[in-house]
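Fold and geometry: a report
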Amino acid sequence: MWYNTKVTEMLGIEYPIFQGPFGGRLSSAELVAAVSNAGGLGGYGAYTLTPQEIIEVDQEIKAATAKPYNINLWVSDTDATNGTVTEARYEEVKAFFRPYFEETNIPFPEKPAPFKSRFENQVEVILDVRPKVFSFVFGIPSADILEQCRKRGIITAGAATTLDEAIALENAGIDLIIASGFEAGGHRPSFLSATELSFTGTFVLVQLIREKVKTPVIAAGGIANGKGIAAAMTLGASAAQVGTAFLVCDESNALPVHRQMLLSDAAKYTTLSKAYTGRLGRGLANRITRETGNEAPYLPFPLQSTFMSSLRSAAVQQQKWDMVYFWGGQIAPVLKHTKASKLMQSLIEETSACFSELKA
């Protein structure tokens, strides 16, 4: 059967369907449990959480499901030299974005405080709580961390946006490689070359990786139904990761208006922008993404996120939706399910139907 793959055997799950682990507090324990209980692999994006918050989330997940699940972190969680930025750069960005703050009539934010990487402390908690899968983006954890995962029976999964990154992940001994195509919503998790050089589509990337790499591949980006899953697996993927389709489900922690926007005509127009975080990510095009472009002055990640947080909050409160960046992938216009259990049922049935047609 199509659902008996290296990945399902390795993880002890029924179906090779991963739920994308959303960062920025868009994940929820409820969604993770719903997907895992339906036979897939639920995922929680925890890179913005403190170690104590990760412990609490893990307890919530374990209380809601006894099935395998995934917790995701960012290996490289800052681009700021010494965690900060020069006064000159801050003033340049301040001048560029001033009109938006004035329009929403809110105080201009002070220069963001220096940021200290949280990854090492977060990983300590991962090793303690022992999720079945520890996935990561923006790099590769140290050999010591990977060895500690192996000793604890934690399956590791790293994201690759290029063939070179996939080879690097395999050479490091990573258990699973997530082939992240440029169609995907959220940040582009490149780590060997500039993000702007990582614009390979999911189905091309899966084929390139399968030609050169023996590690099982999970296709991610532009997959939201059974046809997409069947296509990915036909090309050699051992599983598929579905992101935006789960983000619109009621169980996700996305704002209701975020989910509504992904189900509206606005979802036809996505773009890659640095305006809101300082790192390139895909979301629904809006006034700010159109007016700023990617050559505009930004603070390095995550200082740009801190800088823009009050503007985003004000825009939400004032319902200025064209100033809010709603994360989402290119596949959003085909979405229709708003319940995770219904979506999982549809994904399983559609994929089965696709493979039955191929055999006929």
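Before any of the text, the structure's been laid out above.
Within each chain, residues carry numbers counting from 1 in the order of the written sequence. Under the rules for a predicted model, residues below a pLDDT of 70 receive no local features and side-chain atom pairs below 80 are neither given nor counted, while totals for whole chains, interfaces and linings still include all residues. Remark: hydrogens and water are excluded; side-chain values derive from all non-hydrogen atoms of the structure.

So, about a negative patch on the surface. Residues form patches when they are more than 30% accessible in relative terms and have no salt bridge. Like charges link within 9 Å. Nonpolar side chains (Val, Leu, Ile, Met, Phe, Trp, Tyr) link within 5 Å. Exposure was quantified through the Shrake-Rupley algorithm and a 1.4 Å probe, taking into account, for residues, occlusion by the shown protein chains and nothing else. Salt bridge, as applied in this entry: a Lys or Arg side-chain nitrogen positioned within 4 Å of an Asp or Glu carboxyl oxygen. Counted charges follow a simple rule, with Lys and Arg positive, Asp and Glu negative, and His plus the chain ends left uncounted. Charge placement uses NZ in Lys and CZ in Arg. For Asp and Glu, CG and CD serve respectively. A cluster of acidic residues, Glu 120, Glu 124, Asp 128 and Asp 144, forms a negative patch at the surface. Structurally, Glu 120 is set in helix 5 (residues 119–129). Secondary structure elements follow DSSP: runs of H or I of four or more residues count as helices, runs of E of two or more count as strands, with numbering from the N terminus.

Reading across the sheet, the eight strands line up as 1-9-8-6-5-4-3-2 and stay open at both edges, with parallel pairing between neighbours. Pairing within the sheet leaves two strands with one partner each, and these edge strands are strand 1 (17–19) and strand 2 (42–45). This sheet shows a mean twist of 25° between the axes of neighbouring strands, independent of strand direction. Only when DSSP finds a minimum of two bridges between them are two strands counted as paired. Pairing of strand 1 with strand 9 (residues 239–242) involves three bridges; the strand directions are parallel. Paired with Gln 19 across the bridge in strand 9 is Val 242. Every residue pair with non-hydrogen atoms within 4.5 Å of one another is taken to be in contact. Geometry is summarised by axes, namely lines fitted to C-alpha atoms with helices restricted to the contacting stretch, and by angles between N-to-C directions that run from 0 to 180 degrees. Along the sheet, helix 7 (residues 163–171) makes contact with strand 4 (133–137), strand 5 (155–160) and strand 6 (176–180), crossing strand 5 at roughly 160°.

Turning our attention to the sheet that holds strand 11 (residues 281–284). Judged by pairing direction, the sheet is antiparallel, and its three strands sit side by side in the order 7-11-10 without closing on themselves. The open sheet terminates on both sides in strands that have one partner only, identified here as strand 7 (186–187) and strand 10 (270–273). Where strand 10 meets strand 11, four bridges bridge the pair, whose relative direction is antiparallel. The partner of Thr 271 across the bridge, within strand 11, is Gly 283.

Right, let's talk about the pattern of salt bridges for a bit. Side chains that differ in charge, positive against negative, can pair when their charged atoms come close. Within the structure shown, the criterion is met by 13 salt bridges. The network of salt bridges with shared partners includes Glu 103, Arg 287 and Glu 291.

Let's shift gears to the nonpolar core. Here is a general trend for soluble globular proteins: nonpolar side chains tend to be buried in one another's company. The definition of a nonpolar core used throughout is a set of buried Ala, Val, Leu, Ile, Met, Phe, Trp, Tyr and Cys residues joined through side-chain atoms within 4.5 Å. Only protein chains enter the accessibility calculation, which uses a 1.4 Å probe; a residue is then buried when its area is under 20% of its type maximum, exposed when over 50%, and partly exposed in between. Among the nonpolar cores identified, the biggest contains 95 residues, and Ile 17, Phe 97, Phe 134 and Phe 246 are the most heavily contacted of them. The dominant element in this core, judged by the number of residues it contributes, is helix 14 (residues 340–359), at seven residues. In this view, Phe 246 contacts Phe 18, Gln 19, Phe 22, Leu 31, Val 35, Ser 252, Ala 340, Leu 343, Met 344 and Leu 347; residues no more than four positions away in its chain are not counted. By size, the runner-up hydrophobic cluster in this structure holds 19 residues, among which are Trp 74, Val 137, Ala 157 and Phe 301.

Another aspect to go through is the packing of aromatic side chains. The geometry of two aromatic rings is summed up by the distance between their centres and the angle between their planes. Ring pairs shown here join Phe, Tyr and Trp side chains whose ring centres sit within 6.5 Å, with only the six-membered ring taken for Trp; geometry is labelled stacked below 30 degrees between planes, edge-to-face above 60, and tilted in between. On inspection of all chains with the given rule, the structure shows 20 aromatic pairs. Aromatic side chains Phe 96 and Phe 97 sit 5.3 Å apart centroid to centroid with 70° between the ring planes, which places their arrangement in the edge-to-face category. By definition, being over a ring means that NZ of Lys or CZ of Arg is both within 6 Å of the ring centre and within 35 degrees of the ring normal. Here the guanidinium or amino end of Arg 98 rests over the ring plane of Phe 108, the centre of that ring lying 5.2 Å away. Residue placement shows Arg 279 over the ring face of Phe 138; its charged tip is 4.2 Å from the ring centre.

Right, let's talk about the packing of helix 7 against helix 8 (residues 202–212) for a bit. Put simply, helix 7 and helix 8 touch, their axes get as near as 9 Å, and they point 40° apart. By the angle class used here, helix 7 and helix 8 are oblique. Relative to helix 8, the crossing made by helix 7 is right-handed. Within the contact between the two elements, helix 7 uses Leu 163, Ala 166 and Glu 170 and helix 8 uses Leu 205, Leu 208, Ile 209 and Lys 212. Put simply, angles under 35 degrees are roughly parallel, angles over 145 are roughly antiparallel, angles from 65 to 115 are roughly perpendicular, and the rest are oblique. Each crossing gets its hand from how the near helix is turned against the far one by less than a right angle, where anticlockwise is left-handed and clockwise is right-handed.

Geometrically, the link from Phe 301 to Pro 302 is a cis peptide bond, its omega value of 0° lying close to zero. With respect to the helices and strands, Pro 302 occurs in the loop between helix 12 (287–292) and helix 13 (303–317). Even without being glycine, Arg 25 reaches a positive phi, approximately 65°. Tracing the chain through its elements places Arg 25 in the loop between strand 1 and helix 2 (29–37). Classification of Arg 25 as partly exposed rests on a relative accessible area of 41%.

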